[in-house]
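# Survey of secondary and tertiary structure
Chain by chain, the residues:
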Amino acid sequence: MLFTDTQLQTWLAAFFWPFVRIGALMVSAPVFSSRQTPLLYRIGFVLVLTWVLVPVIPPSPVVDAFSDEAFIILLQQILIGVVMGFILQMVFAALIFGGQVIAYSMGLGFASMVDPQNGVQVPVVSQFYLILATLLFLVLNGHLVLIEMLAQSFHTFPVAMTGISQNGLSEIIGWASRMFNAGLLMALPVVAALLLVNLGMGVIGRAAPQLNIFAVGFPMSILIGFMLLWITLPDVMSNFAELLEEGLALIQHLLLIAG
């Protein structure tokens, strides 16, 4: 049985271009890109997902694999996948930022753990928030919504030399400020309460100079901080859910997906 170059390029284009976009998303999106998952399993998941989506997406253009057009198409597919994952990374980064602010206010800035998602050191408060946020993301079927958006993106942004515009990229950069805004909003109640605690410790230190304020204040700050974490946890997760909805809405807007 003989195959022509045109047939081979058609079969390659039908599978390769969707594979690139899906792989770029899985490499950049939270949960899917966790370093705890072996690389072989992640590649296998991308292959299976590509095999499932190929029959239901528009056909990919047939171009020479070593042409300039193919290189531009490759960059566009990588950009679309990375942008979808990057927006969700910013949503989870807001929790890391808020947890860092709380940890430094509590005096737990020195207590760090390795984040299995990104492989870097983060304060234990941020790690605690990330674990709960990951569970909430899965409970809300965020992973299924993301895969559905990925499938719809092949209809609104078919495989071609065009992709996300410069205005869309500028909008993503502008939305990055929302990450810091949301992180500070999550941490503000705990930080404000701990500020009052520190002011009270300062008053006690002035009223009773013989009292070792460091021996008393440090354990009190940690204890009250843990209590405040427990009290404000529902609000933090609620703010995270709202930010997640905003992030998914931004992805829909950029990829012209109907809500």
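To start, this report covers the structure provided alongside it. Because the structure is a prediction, the values reported are computed rather than measured. (Residues numbered from 1 in each chain as written. Predicted model: local features only at pLDDT ≥ 70, side-chain atom pairs only at ≥ 80, totals over all residues. Heavy atoms only, no water.)

### Structural notes on the overall build of the protein
Across its full length, the protein carries seven helices and two strands. For the protein, the N- to C-terminal ordering of α and β elements is α-α-α-β-β-α-α-α-α. In the protein, which comprises 259 residues, the share counted as buried stands at 41%. A separation of at least 24 residues holds for 82% of the contacts in the protein among residues at least 6 apart in sequence. As displayed, the protein has an accessible area near 14000 Å², and 72% of this comes from carbon and sulfur atoms. (Helix = DSSP H or I, 4+ residues; strand = E, 2+ residues; numbered from the N terminus. Buried < 20%, exposed > 50% of the residue type's maximum accessible area, 1.4 Å probe, protein only. Contact = heavy atoms within 4.5 Å. Areas by Shrake-Rupley, 256 points an atom, 1.4 Å probe, with all protein chains shown as cover.)

### Thoughts on the nonpolar core
By size, the foremost hydrophobic cluster in this structure holds 67 residues, and its most contacted members are Met84, Ile87, Tyr129 and Ile251. Within the residue set of this core, elements represented by two or more residues are helix 1 (5-28), helix 2 (39-53), helix 3 (68-106), helix 4 (124-139), helix 5 (142-156), helix 6 (166-207) and helix 7 (213-254). Among the elements that line this core, the one with the most residues is helix 3, at 16 residues. Among residues more than four places away in sequence, those in contact with Ile87 are Ile172, Trp175, Gly247, Leu250, Ile251 and Leu254. (Core = buried A, V, L, I, M, F, W, Y, C linked by side-chain atoms within 4.5 Å.)

### Let's talk about the packing of helix 3 against helix 6
Look at helix 3 against helix 6: their axes get within 8 Å of each other, and the N-to-C directions meet at 20°. When the axis of helix 3 is compared with that of helix 6, the two are roughly parallel. Considering how the two elements wind past one another, helix 3 and helix 6 form a crossing that is right-handed. Taken together, the residues of the contact of helix 3 with helix 6 sort by class into 26 nonpolar, three polar and no charged. (Axes fitted to C-alpha atoms, helices over the stretch in contact; angles between N-to-C directions. Parallel < 35°, antiparallel > 145°, perpendicular 65-115°, else oblique. Left-handed = near helix turned anticlockwise from the far one by under 90°. Nonpolar A, V, L, I, M, F, W, Y, C, P; charged D, E, K, R; others polar.)

### Notes on the side chain of Ser126
Here Ser126 lies in helix 4. Not counting the four nearest positions on each side in its chain, Ser126 is found in contact with Leu95, Ile96, Gly99 and Gln100.

### A few points about the environment of Phe15
Relative to the helices and strands, Phe15 resides in helix 1. What makes Phe15 partly exposed here is its relative accessible area of 31%. The spacing of Phe15 and Val54 is 39 residues in sequence and 6.7 Å in space, taken between C-alpha atoms. With near-sequence residues (within four places) excluded, Phe15 lies in contact with Leu47, Thr50, Trp51 and Val54.

### Let's talk about the pattern of salt bridges
Any two side chains of opposite charge can pair, given that their charged atoms come close. Throughout the structure, instances matching the rule amount to one salt bridge. Taking the shortest distance from any N to any O, the salt bridge between Arg178 and Glu246 comes out at 2.9 Å. In this pair, Arg178 sits in helix 6 while Glu246 sits in helix 7, placing the two residues 68 residues apart along the sequence. Given the relative accessible area of 30%, Glu246 is considered partly exposed. (Salt bridge = Lys/Arg side-chain N within 4 Å of Asp/Glu carboxyl O.)

### Quick word on a nonpolar patch on the surface
Together, Phe15, Leu39, Ile43, Leu47, Val48, Trp51 and Val52 make up an exposed nonpolar region whose accessible area comes to about 680 Å². Per element, the largest residue contribution to the nonpolar patch is six residues, and it comes from helix 2. In this fold, Leu39 is placed in helix 2. Given the relative accessible area of 55%, Leu39 is considered exposed. (Patch = residues over 30% accessible without salt bridge, like charges linked within 9 Å, V, L, I, M, F, W, Y side chains within 5 Å.)

### Re helix 4
With 16 residues, helix 4 extends 23 Å between its outermost C-alpha atoms, agreeing within 8% with the 22 Å of an ideal straight helix rising 1.5 Å per residue. Along helix 4, the residues that are buried comprise Val125, Ser126, Gln127, Tyr129, Leu130, Ala133 and Phe137. (Expected span 1.5 Å × (residues − 1).)

### Regarding the packing of aromatic side chains
For the coordinates displayed, the defined rule picks out seven aromatic pairs. Centroid distance Phe16 to Trp17: 5.2 Å. Interplanar angle 65°. Geometry classified as edge-to-face. What makes Trp17 buried here is its relative accessible area of 6%. Considering the side-chain rings of Phe128 and Tyr129, the 6.1 Å spacing of their centres and the 35° angle between planes classify their relative orientation as tilted. You can call Phe128 partly exposed: its relative accessible area is 39%. An aromatic cluster of three or more residues is present, and its members are Phe92, Phe137 and Phe240. In this structure, Arg21 packs its charged tip against the face of Phe154, placed 4.2 Å from the ring centre. (Phe/Tyr/Trp six-rings, centres within 6.5 Å; stacked < 30°, edge-to-face > 60°. Lys NZ or Arg CZ within 6 Å of the ring centre and 35° of its normal.)

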